Amino acid sequence: MTYLVRRLLEALLVFFGISLVIYAMTYVLPGDPIAALAGDRPLAPSVARALREQHHLDDPLLVQYGHYLAGLFHGDLGTDFSGRSVAEQMADRWPVTLKLALTAWGIEAVVGVGLGVLAALRQGTWTDRTVLAFTIGATSVPVFVLAYTAQVVLGVRLGWFPVAGNTDGWPTSYLLPALCVAAFGLASVSRLVRAEVIENLRADYVRTAVAKGLTRRRVVGVHVLRNSLIPAVTYLAIDLGYLLGGTVIIEGVFNLPGIGQLLFQAIRAHAGPTVVGVSTALILIFLAASVLVDLLNSLLDPRIRHD
Amino acid sequence: MFTAPASLSLALVLALAGAGCSGGTSGSGGAAKTGGFTVAVAEPDHLTPGRSTVGWDQLRVLFAPLVKVDALGAISYVQAKSVTSTDARHWTIELRSGWKFHNGEAVTAQSYADAWNATAYAPNGWSGNGQLAGIEGYAALNPAKGKPKAKTLSGVKVVGATTLEVTLTSPDSQFPLQLTPSQLGFYPLPKAAFTDPKGYDKKPIGNGPFKMTTAWKADEGTTVKAYAAYRGTRPKSSAITFKSYADLNTAYTDVQAGNVDLAYVPVSKYGQAKADFGDRLYTYDAPALEFMGLPLQDKKFQDIRLRKALSMAIDRSAVNKAIYGGLYTPATSLTPSSEVGAETDICDACAFDQAAAKKLLKEAGGWSGELTITYPGGLGLDELYKAVANQLRQNLDIGSVKAVPTADWAEFSEKAFAGKITGLNHSHWGALYPSMQATLRGIFTKAGGCQVCSHYSDGDVDKLLQQADTASDTASAAKLYNDAQKRVLQDFPVIPLFYGSYIYASTDKISGVTVGPADIELSRISVVG
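Thresholds, definitions, all that
- Residues numbered from 1 in each chain as written.
- Chains lettered and ligands numbered in written order.
- Predicted model: local features only at pLDDT ≥ 70, side-chain atom pairs only at ≥ 80, totals over all residues.
- Heavy atoms only, no water.
- Contact = heavy atoms within 4.5 Å.
- Salt bridge = Lys/Arg side-chain N within 4 Å of Asp/Glu carboxyl O.
- Polar contact = N/O pair within 3.5 Å; in protein donor to acceptor, adjacent residues only side chain to side chain.
- Helix = DSSP H or I, 4+ residues; strand = E, 2+ residues; numbered from the N terminus.
- Nonpolar A, V, L, I, M, F, W, Y, C, P; charged D, E, K, R; others polar.
- Disulfide = S-S within 2.5 Å.
- Buried < 20%, exposed > 50% of the residue type's maximum accessible area, 1.4 Å probe, protein only.
- Pairing = 2+ DSSP bridges.
- Axes fitted to C-alpha atoms, helices over the stretch in contact; angles between N-to-C directions.
- Core = buried A, V, L, I, M, F, W, Y, C linked by side-chain atoms within 4.5 Å.
- 1 Å grid on protein atoms, 1.4 Å probe; cavity = no way out; pocket = protein on both sides within 12 Å on 5 of 7 lines; lining within 4 Å.
- Points joined across faces, edges and corners; volume = space filled by probe spheres on them.
- Right-handed = clockwise from strand over helix to strand, strands pointing away.
- pLDDT = per-residue confidence, 0-100.
- Lys, Arg positive; Asp, Glu negative; His and termini not counted.
- Arc of directions from axis to C-beta.
- Phe/Tyr/Trp six-rings, centres within 6.5 Å; stacked < 30°, edge-to-face > 60°.
- Patch = residues over 30% accessible without salt bridge, like charges linked within 9 Å, V, L, I, M, F, W, Y side chains within 5 Å.
- Areas by Shrake-Rupley, 256 points an atom, 1.4 Å probe, with all protein chains shown as cover.

**Q** Explain the interface of chain A and chain B here, please?
**A** Across the contact, 52 residues belong to chain A and 60 residues belong to chain B. Between chain A and chain B we count three salt bridges in total. Across the chain A-chain B interface, the total number found is nine residue pairs in polar contact (both at pLDDT 80 or more). Sorting the residues of the side of chain A that touches chain B by element identifies α2 (33–37), α3 (45–54), α5 (86–121), α6 (126–140), α7 (143–157), α8 (172–201), α11 (248–253) and α12 (259–269) of chain A as the ones contributing at least two each. Grouping the constituent residues of the side of chain A that touches chain B by class yields 24 nonpolar, 17 polar and 11 charged.

**Q** Just to check I follow, could you spell out the state of the cysteines for this structure?
**A** Disulfides are covalent bonds that connect the sulfur atoms of two cysteines. Residue and element names in this part refer to chain B. Scanning the entire structure with this criterion turns up one disulfide over all chains. Linked covalently through their sulfurs, Cys 347 and Cys 350 form a disulfide whose S-S length is 2.0 Å. Disulfide Cys 347-Cys 350: the torsion about the S-S bond is 80°, which places it as right-handed. On the basis of relative accessible area, Cys 350 is assigned to the buried category, the value being 6%.

**Q** When you look at the sheet that holds strand β6 (residues 156–160) of chain B in this model, what are you seeing that I'm missing?
**A** Consider a sheet: its strands pair through backbone hydrogen bonds, and that pairing is either parallel or antiparallel. All names here are of chain B. Read from one edge of the open sheet, four strands run β4-β5-β7-β6, paired in antiparallel fashion. On the outer flanks of this sheet lie β4 (80–85) and β6, each paired with one strand and no other. Here the strands of the sheet are splayed against their neighbours by 20° on average, with no regard to which way each runs. Pairing geometry for strand β5 (residues 90–95) and strand β7 (residues 163–167), over five bridges, is antiparallel. By the bridge assignment for β7, Ile 93 is matched with Leu 164.

**Q** What should I look at first to understand the nonpolar core in this one?
**A** As a rule of thumb, nonpolar side chains are buried together in soluble globular proteins. Residue and element names in this part refer to chain B. Formed by 95 residues in total, the largest nonpolar core has its most connected members in Ile 93, Trp 116 and Leu 522. Ranked by residue count, the leading element in this core is helix α3 (residues 109–120), at seven residues. When residues no more than four places from it in sequence are discounted, the contact partners of Leu 522 are Phe 37, Val 39, Asp 57, Val 61, Ile 240, Phe 242 and Leu 262. Counting 82 residues, the second-largest nonpolar core is a separate cluster that includes Leu 281, Val 401, Ala 468 and Val 488.

**Q** Teacher, can you tell me more about the environment of Ala232(A) here?
**A** Along the chain, the position of Ala232(A) falls in helix α10 (residues 216–244). Beyond its immediate sequence surroundings of up to four residues, Ala232(A) is in contact with Val189(A), Leu192(A) and Val193(A).

**Q** Explanation requested: empty space enclosed by the protein in the structure shown.
**A** Over the atoms a probe the size of a water molecule is rolled, and this reveals where empty space is left. Residues and elements named next belong to chain B. Throughout the structure, instances matching the rule amount to five cavities of 30 Å³ or more. Taken as a whole, the largest cavity holds about 50 Å³ of empty space. Lining the largest cavity are Gln 174, Leu 177, Val 340, Ser 435, Met 436, Thr 474, Ala 477, Ala 478 and Tyr 481. Broken down by element, the residue count for the lining of the largest cavity peaks at four residues, all from helix α18 (residues 474–491). Across the lining of the largest cavity, the residue classes break down as six nonpolar, three polar and no charged.

**Q** Hey, could you run me through the pairing of strand β15 (residues 400–406) of chain B in this one?
**A** Where a strand is regular, its side chains alternate between the two sheet faces. Residues and elements named next belong to chain B. Sheet topology note: the strand β14 (residues 370–376)/β15 ladder contains seven bridges and is parallel. Paired with Tyr 375 across the bridge in β15 is Pro 405. Between β14 and its parallel partner β15, the chain crosses via helix α13 (residues 382–396), and the hand of that crossover is right-handed.

**Q** What is the right way to look at the pattern of salt bridges in this model?
**A** Side chains carrying opposite charge are able to pair once their charged atoms draw close together. This structure, assessed with the given rule, holds 26 salt bridges over all chains. Asp204(A) is the salt-bridge partner of Arg207(A), the closest N and O atoms lying 3.6 Å from each other. With Arg207(A) and Asp204(A) both in helix α9 (residues 204–211) and three residues apart, the pair spans about one turn of that helix. For Arg207(A), a relative accessible area of 60% translates into the label exposed. A salt bridge links Asp469(B) to Arg441(B), with the shortest nitrogen-to-oxygen separation between them at 3.1 Å. Residue Asp469(B) is located in helix α17 (residues 459–470), and its partner Arg441(B) is located in helix α15 (residues 436–444); the two are separated by 28 residues in the primary sequence. We classify Asp469(B) as buried; its relative accessible area is 9%. In the salt-bridge network here, residues are joined through shared partners; they are Arg84(A), Arg93(A), Glu43(B) and Asp219(B).

**Q** Explanation requested: the confidence of the model for chain B in the structure shown.
**A** A low pLDDT score tells you not to read the predicted coordinates there in detail. All names here are of chain B. Considering every residue of chain B, the mean pLDDT works out to 88; 93% of them sit at 70 or more. Here residues 1–34 is modelled with pLDDT under 50, and outside its nearest four sequence neighbours on either side it reaches 23 contacts, counting other chains as well. In the predicted assembly, ipTM is 0.79 and pTM is 0.85.

**Q** Explain the side chain of Asp239(A) to me, please; I cannot follow it from the model alone.
**A** All names here are of chain A. By the element assignment, Asp 239 lies in helix α10. Within the buried core, Asp 239 has no salt-bridge partner, and the shortest N-O distance to an opposite charge, that of Arg 191, equals 15 Å. The residues touching Asp 239, leaving out its near neighbours within four places in the chain, are Glu 108 and Gly 185.

**Q** How should I be thinking about helix α9 (residues 270–277) of chain B in this particular structure?
**A** In an α-helix there are 3.6 residues to a turn, and that puts residues three or four apart on one side. Residue and element names in this part refer to chain B. Every buried residue of α9 is listed here: Tyr 270, Ala 273 and Phe 277. Buried residues of α9, viewed axially, fall in a sector of 35°; they line one side. With respect to the buried face of α9, the exposed residues turned more than 90 degrees away are Gly 271 and Ala 275. Contact partners of the buried residues in α9: α8 (248–256), β11 (262–264), β12 (281–293), α11 (316–324) and β17 (494–506). Where α9 ends, the next residue or the one after it, Gly 278, has phi of about 55°, a positive value.

**Q** Sorry, what's going on with the packing of aromatic side chains here?
**A** In this description, a pair of aromatic rings is defined by centroid distance and the angle of the planes. Residue and element names in this part refer to chain B. All told, the structure shown has 20 aromatic pairs over all chains when counted by the stated rule. Ring centres 6.0 Å apart and planes at 80° place the aromatic pair Tyr 112 and Trp 116 in the edge-to-face group. In this pair, Tyr 112 and Trp 116 are both assigned in helix α3, four residues apart and thus about one turn of the helix distant. Ring centres of Tyr 328 and Phe 498 lie 5.2 Å apart, and the angle between their planes is 25°; on these two criteria the pair is classed as stacked. Of this pair, Tyr 328 sits in the loop between α11 and β13 (329–330) while Phe 498 sits in strand β17, placing them 170 residues apart in sequence. Given the relative accessible area of 10%, Tyr 328 is considered buried.

**Q** Got a minute to help me understand the side chain of Thr180(B) in this structure?
**A** Residue and element names in this part refer to chain B. By the element assignment, Thr 180 lies in the loop between α5 (175–178) and α6 (192–195). The exposure class assigned to Thr 180 is buried, which follows from its relative accessible area of 3%. Within the structure, the side chain of Thr 180 is placed 2.6 Å from the backbone oxygen of Leu 177, a separation counted as a polar contact. Discounting residues that sit within four places of it in the chain, Thr 180 has contacts with Pro 65, Val 67, Lys 68, Val 69, Leu 432, Tyr 433 and Pro 434.

**Q** Whenever I open this one, a nonpolar patch on the surface confuses me. Can you help?
**A** Residue and element names in this part refer to chain A. A surface patch of nonpolar side chains, about 510 Å² in accessible area, is lined by Val 141, Val 143, Phe 144, Val 145, Val 248, Ile 249 and Phe 264. Residue assignment for the nonpolar patch shows that the elements contributing at least two residues are α7 and α11. The residue Val 141 is located in the loop between α6 and α7 in this model. Residue classification places Val 141 among the partly exposed residues on the basis of a relative accessible area of 34%.

What follows is the structure, given as structure tokens:
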């Protein structure tokens, strides 16, 4: 119990520290957010002044941060410069990012592990080489090149997928972007799994199991796979945290209004409250993901224990 | 041996095919049923007209302007019956009677007075505020310090249900042109805009050909339907769906795929747009000027011959062909041809002439040291300024010419406003109404919003502009504005590059796409496919 209280207090301190640092970082970004708001046609000086006052932009950093915290204690996450509530925006956008991230993650996990095991079992054959070539390709092509190409070829030319937007809902609108997001992780997972499976296949316990007459299916499916998954699970859990952070490029290219896009736009607009709100949520997700990794690893390998 | 990959790819193909079907039917079927079409737009910041900086496309169909200008520069009245004055300072606006907002409220002189007062009142922080700066009483609502004491413009008087009297601070012959569609600050507002400002900002009630039936959904858009009781020219389609895009490149691709019928073409696609869309690409010279400013206060840039040499060393049509697929028009004056009465082909130093440029540079004493061109990063301007820098280097034999981007627009504008840019700088000025006044006053007077782009003002120019502002008829005003720009060109304070362009791409589902001085006319578009 005291342990839990201590952890919570620590978390609170971490929150204040991090939010202040992030707030300070948006504060020192070069350029005037109000001037940027109006585009190339400058605002009347009186209006610029009124907006600066409304958003406390002329106050020193700590006073601005104080205003932000005061709002936070009233359950108000603040607003951006066009008056949209940060909480509302996050609520609108999380589902989009969640759907994209989980779809991509599912593809990574299932296809990645599948290809990895397949390549390991068929080591040295041309199946293995095809998987290798595919993974090299997937990791070396920059994600935006992949995204634009996929969009033009599969979306425009062949018309198999909607090009952009989420009007068709899940899964139709999310498949192509999820495939593009997943490409890199999928390749990494399959390489990790392949290496581990090959190593474990040579392990003593496998020889023993085979010698004791276990079927190959059971040896590979239960014993080898379980022991081979640890690095992949670690990778996948961390990657889930990353995916939930939204993928700015993919969300931009496929016009999915997710959390990554929101953060990107907020940084460009120097919108302190939005940046802090989103980043704090992301930090929480990363923390949760790392706890998840620990738990899963101890399930997979009973020797790993957290005391 | 390869059963697994084969079944995997089969599964993928099935998934793809399924996706294709559902995507295709919902796209085309939906459009045909409603007789409407879809337009890609950027996410608007606000939809209350006086407050919005991004919502032009939506607001221009939801609202009817007082005055409209056709492609030839002729004025026609829409919500106004007449806009008249005897001295160009005291204006009487007669409204057409019987016109109603979408909620049934009558459009009256008071609707205009309320809207203009709210826009001009500084503490509201509405971005259209500056558009009303010429009206008497504006200064009282926008004091340099503290809260304004007045809440209404003393120069706006409601004298009857449909009669509005407007007094300007000084005579301005161009006032009717300022009442055209892109000047969002001049639209009327119904009472509902003040009783529920938040709701109104998402679901504006206008007096135009289309009405909003469901509120704007953030990052998605909405559909507007033809307003049956509209008294002006009937729109040619029954509905327009606005779809919000974070990236215009994506909108462009979506038009190629036929999921959106009309989109503004981003600069990065200019090179391929003609090949992609052929005769479904529409271009029009916007009342905008792309140019480079110079730090005139710097000794190095004070010789007019040097400034002309820099300008004449740039082969604008080669840049246009190489980077913009020939879609831009090289500038040959300071005022784009879409502005009423504007003369072009009056800028000798805008023509590429390497020999003359070299000669002028020599006469001016040559150039030593580094020459930089500063421009905002992230806006797709990199290729343009790299090409310009290359040309200056090669054509003038200047050793070091560098194109330097800032991180973003915010940093660029801060630097520009603080006068911290030392070499050439990117500049762009888009006029909101098609009058030479908007461009010349904006860039070349102390009062102009883009004075930091040019750092230029001159007594002679001010005088000529003032004479033009007070001129009694359009022709003599135009002549005086042209005199003013010729006077500016003598001093050659900026390097004109191109006139801005409105460029749109469409699917073959729609026809009648027309672009005019006030940008695209969505209500003239009809659905054919």
